[in-house]
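# Structural characterization, general
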Amino acid sequence: MGANKVLESANITKFIINSNTGGFRDVRLLVTEFTYEESIFDYSIRASARLTDAGALPNFTPTTSTYDTLKLAGGEKVELGFQDNYGNSYEFEMYIESIDELGNTTKTQTYIISMVTMECLMNEIKRVRKKYEHKISDYVPKILQNVLETSKDIFVDETLNSYNILGVNKKPFYWCLSLAKKSVPFKKGQVAGYLFFETIKGYHFKAVDELFAQEPKLNCIYTETVSGGGAIKIIDYSFDNNINFQNELKLGTYNTERFDFNPYDQMYGENPFTYKDQDGAVVPVAKTRIPERLNQIFLEQPSRYIDYPQDIGALPEGVNLEQQLPKSKEPNLDMNDILSQSSMRYQQACTIQVTITIAANLSVNAGDIIFVDIPEVSATLKPKPENTNSGLYMISELCHKLTPRRSATKLVLIRDSYDR
C-alpha cells in the first residue's frame, strides 16, 4: 500500500449519540474532524469531534439539528468506531464531557463534542473508604474493579514493596496515581517509578523500566522517497531541542538527597541518591546515558532536597490490636530511596523528546516502543542515517486525527539516552 494511499481519509464506522431522554442519532456524516488521544500521563482516553449540522437527515429530509433533537446536555453515551487504512479498527463507548459551540448561521450549527470514558466521570462520584494492605500491585486492581466498578482489562507489573493505606474518602484515580510514585518493580535491582494510564486495551499500572524494556512495535523512517522500504514512512518530525540544564538541576534529575525524620526514636537521617546509584538497575533504551555528556562539576552535589517524615506505626497490618501491636514500630512504607528514585526516573525518561507524524495507524498505543530512523543534518545530497537521536523511543502521547480528506497519527516520543 503506497504512502499516499494510507494518508487518505480513514473510515468512521460508527458515531451514534444516545440522548439522556430517549432516542439516538447517527452523526457520522456531520463529522468534519475527529480526534482520539492516549497518554501515559492520563488516566482516561479522550476523543473529540467537530460537527457541522445543517438540520437535514442523510436523505436530505429537513429536520431539527442533532443538538436540539437529542437535547444534548452532557453525559450522553456515544458509540464510536473507526479504522485506519491498514485494516486496524477500534470500537468502543465514551460519554460526552463538554460541548462547545463554535458558531451558528441560518442554515448550519457547528460545535465540538469532547468525550471521556465512563470511569473518568464516575471517578468524580466514587470514593475509596476501605483499608488496603500488602503489595500495592495486589490492591490497585481491587480499587479499579470494586470501587470504580470497571470491567476493562487491567495490566499490572508486580511490585516488590508493600504499603498499607486507608481510603479516607479519596477518589480511585487519586490513589492509583499516588501509589505509582511509591511502587518498586518486583525484579530485584530495578528503580522505583510506575505510571498509571489508560489505552484502548484497558488500564495500565506499569513500571517505567519495564515499559522501556519492551520490543519495538513499529519501525518508522523519514525519507524523501515515496516508500519507506518496508518501514512506516514519517511524514514530518520535530525535536524538542530546548536544553534547560538549570531546570533539570532544580528537579533533581541527577543528584538528590532525602532527609528522613523518625518520630518514634527522634532520629534524623540524610540519604543521598545520584544517577550513579542507578547503575545496574536502569537499563537505558539507547547506548549513552545523558549524564555521561554533562559537566560533572554540577552533578557532584545534590541539587534537590526532599524532606520525608516517616510514618512509623501508621496503619500496621492486622484487624485487631494483637495483630497490629508487634508491627507498630515499623515504617508503613520502607522508603529506601523510593521517593528519590521515582522522581529522578520520571525526569530522566522525558529528557529527549521528538514528535513525529505518520499515516493513521491504530496498531500502536501509548506506552509502546517504536524504532525511529532519521537522517543526519547535512549539506550532502544523500545524508546518512543519524546516530545520536535515531533509535528506540517510548510513545508518551498519541493522537489519531481523521478528516474527510486525510488521516494521520501524531506521536510524542520520549527516551532517556542517546545513540542507536
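As shown above, the structure is provided for reference.
Residues numbered from 1 in each chain as written. Predicted model: local features only at pLDDT ≥ 70, side-chain atom pairs only at ≥ 80, totals over all residues. Heavy atoms only, no water.

Positive phi outside glycine occurs at H134, with the angle close to 75 degrees. Structurally, H134 can be placed in the loop between β8 (131-132) and α4 (136-147). Here V168, not a glycine, exhibits a phi torsion of approximately 40 degrees, which is positive. (Helix = DSSP H or I, 4+ residues; strand = E, 2+ residues; numbered from the N terminus.)

Here we come to the nonpolar core. With 44 residues, the main nonpolar core has F15, F34, M115, I356 and I370 as its most contacted residues. I356 has contacts with C220, I234, D236, Y237, I370, V372, T409, K410, L411 and L413, leaving out every residue within four places of it along the chain. Y132, I136, F173 and W175 belong to the second largest nonpolar core, which has 21 residues in total. (Core = buried A, V, L, I, M, F, W, Y, C linked by side-chain atoms within 4.5 Å. Buried < 20%, exposed > 50% of the residue type's maximum accessible area, 1.4 Å probe, protein only. Contact = heavy atoms within 4.5 Å.)

Turning to its location among the elements, N255 is positioned in strand β15 (residues 255-262). At a separation of 3.4 Å, a polar atom in the side chain of N255 contacts the main-chain carbonyl oxygen of Q301. Contact partners of N255, with chain neighbours within four places excluded, come to F273, T274, L299, E300, Q301, P302, S303, R304 and M344. (Polar contact = N/O pair within 3.5 Å; in protein donor to acceptor, adjacent residues only side chain to side chain.)

Quick look at the pattern of salt bridges now. Per the stated rule, a full pass over the model turns up 14 salt bridges. The salt bridge partner of R28 is D26, with a shortest N-O separation of 3.0 Å. Accessibility expressed as a relative area gives 37% for R28, which makes it partly exposed. Among the ionic pairs, E124 bridges to K171, the shortest N-O distance being 2.7 Å. With a gap of 47 residues between them, E124 in the loop between α3 (118-122) and β8 and K171 in the loop between β10 (165-166) and α5 (172-180) connect regions that are remote in the sequence. Salt bridges here are not isolated pairs; linked through shared partners, they connect K14, E79 and E91. (Salt bridge = Lys/Arg side-chain N within 4 Å of Asp/Glu carboxyl O.)

Before going further, it helps to spend a moment on the pairing of strand β14 (residues 232-239). For a regular strand, side chains alternate in direction, first toward one face of the sheet and then toward the other. Sheet analysis places strand β13 (residues 218-221) next to β14, joined by 2 bridges and oriented parallel. Along β14, the bridge assignment pairs C220 with I232. When β14 meets strand β19 (residues 352-359), the two strands line up antiparallel, connected through 5 bridges. Bridging from a neighbouring strand, I234 pairs with I358 of β19. (Pairing = 2+ DSSP bridges.)

Relative to the assigned elements, I113 resides in strand β7 (residues 109-116). With relative accessibility at 0%, the residue I113 sits in the buried group. Filtering out sequence-adjacent residues up to four positions away, I113 remains in contact with I17, A47, S48, A49, L51, L72, I96 and S98.

What follows covers the sheet that holds strand β11 (residues 194-199). Strand pairing in a sheet relies on backbone hydrogen bonds. The paired strands run either parallel or antiparallel. Judged by pairing direction, the sheet is mixed, and its 3 strands sit side by side in the order β9-β12-β11 without closing on themselves. Two strands close off the open sheet at either side, each with one partner strand: β9 (154-156) and β11. Shown here is a sheet whose adjacent strand axes are inclined to one another by a mean of 10 degrees, direction ignored. Of the strands in this sheet, β9, β11 and β12 (202-207) are in contact with α4, which crosses β9 at around 165 degrees. Across the sheet, α5 touches β11 and β12, and the angle it forms with β11 is around 140 degrees. (Axes fitted to C-alpha atoms, helices over the stretch in contact; angles between N-to-C directions.)

The next point concerns the pairing of β7. In terms of residue burial, β7 counts as a mostly covered element, since 7 of its 8 residues are buried. Both strand β4 (residues 46-53) and β7 contribute to a ladder of 7 bridges, which runs antiparallel. Bridging from a neighbouring strand, A47 pairs with M115 of β7. Pairing of strand β6 (residues 89-104) with β7, which is carried by 8 bridges, proceeds in the antiparallel orientation. Among the inter-strand pairings, E101 is bridged to a residue of β7, identified as Y111.

In short, geometric facts, not functional conclusions.
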